[in-house]
Amino acid sequence: MADEEDEAGFDEEPDDGSSGGLDAGGHGKRKRLFSKELRCMMYGFGDDQNPYTESVDILEDLVIEFITEMTHKAMSIGRQGRVQVEDIVFLIRKDPRKFARVKDLLTMNEELKRARKAFDEANYGS
C-alpha cells in the first residue's frame, strides 16, 4: 500500500520525448525541462528534499512563462527578431536584484574567457 502511494504522482515524467508537446489550447502533458534543477533549488531554499511534483510543475510553468515573455520582449527591441545580451540587460535594468546578478554573471563570464585564453596561450604557445 505504501508503495502505491509513493508511485502515485511523485515520479518525474520520462525524458524520452514521449510526453509530447502542448496542444493548441495549452493543455496536455509536455516534457519538463527544468524539473531536476528546480527540485534542487527548492531543496536549497528550504523545501523538502523531494518536493511535490505539482509544486515543481507550477514553478516550471512560471519559469518557462518568464523566459518566453522576456525572449519575446527582447526580440521586439534592438535588432528585430534577434536576442542579444544587451537587450536582456536593457529589459531588467529597473530590477536591481536581477540587474546586479546579470552583471555579476557577465563579469564572471569575461573573466573565465580571459583565463581560458591565458591558459591556452601558456599551454599551446600561440
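Provided above is the structure to which this section pertains.
This report concerns the structure included in the present document.

Reading the values: rules and limits
Residues numbered from 1 in each chain as written. Predicted model: local features only at pLDDT ≥ 70, side-chain atom pairs only at ≥ 80, totals over all residues. Heavy atoms only, no water. Helix = DSSP H or I, 4+ residues; strand = E, 2+ residues; numbered from the N terminus. Buried < 20%, exposed > 50% of the residue type's maximum accessible area, 1.4 Å probe, protein only. Contact = heavy atoms within 4.5 Å. Areas by Shrake-Rupley, 256 points an atom, 1.4 Å probe, with all protein chains shown as cover. Axes fitted to C-alpha atoms, helices over the stretch in contact; angles between N-to-C directions. Parallel < 35°, antiparallel > 145°, perpendicular 65-115°, else oblique. Left-handed = near helix turned anticlockwise from the far one by under 90°. Nonpolar A, V, L, I, M, F, W, Y, C, P; charged D, E, K, R; others polar. Phe/Tyr/Trp six-rings, centres within 6.5 Å; stacked < 30°, edge-to-face > 60°. Lys NZ or Arg CZ within 6 Å of the ring centre and 35° of its normal.

### Description of the overall build of the protein
When helices and strands are tallied, the protein shows 5 helices and 0 strands. If you list the helices and strands of the protein from N to C, you get α-α-α-α-α. Counting across all 126 residues of the protein, residues that qualify as buried make up 14%. Excluding contacts between residues fewer than 6 apart, the proportion of contacts in the protein whose partners are at least 24 apart in sequence is 29%. Taken as a whole, the protein presents about 10,300 Å² of accessible surface, with 56% of it coming from carbon and sulfur.

### Observations regarding the environment of leucine 91
Within the element layout of this structure, leucine 91 appears in helix H4 (residues 85-92). The partly exposed category is assigned to leucine 91, whose relative accessible area is 26%. Between the alpha carbons of leucine 91 and lysine 73 there is a distance of 7.8 Å; along the sequence they are 18 residues apart. Here leucine 91 is in contact with Met70, Lys73, Ala74 and Ile77, once residues within four sequence places are set aside.

### Regarding the packing of H4 against helix H5 (residues 96-124)
At their nearest, the axes of H4 and H5 sit 9 Å apart, and the two run at 155° to each other. Taken together, H4 and H5 sit at an angle that is classed as roughly antiparallel. Viewed along their axes, H4 and H5 form a crossing whose handedness is left-handed. Between H4, through Val85, Val89 and Ile92, and H5, the contact on the second element is made entirely by Lys98, Phe99, Val102 and Leu106. The residue inventory of the contact of H4 with H5, partitioned by class, reads 6 nonpolar, no polar and 1 charged.

### Things to note about the packing of aromatic side chains
The final tally for this structure, using the stated rule, is 0 aromatic pairs. Residue placement shows arginine 93 over the ring face of phenylalanine 90; its charged tip is 3.9 Å from the ring centre.

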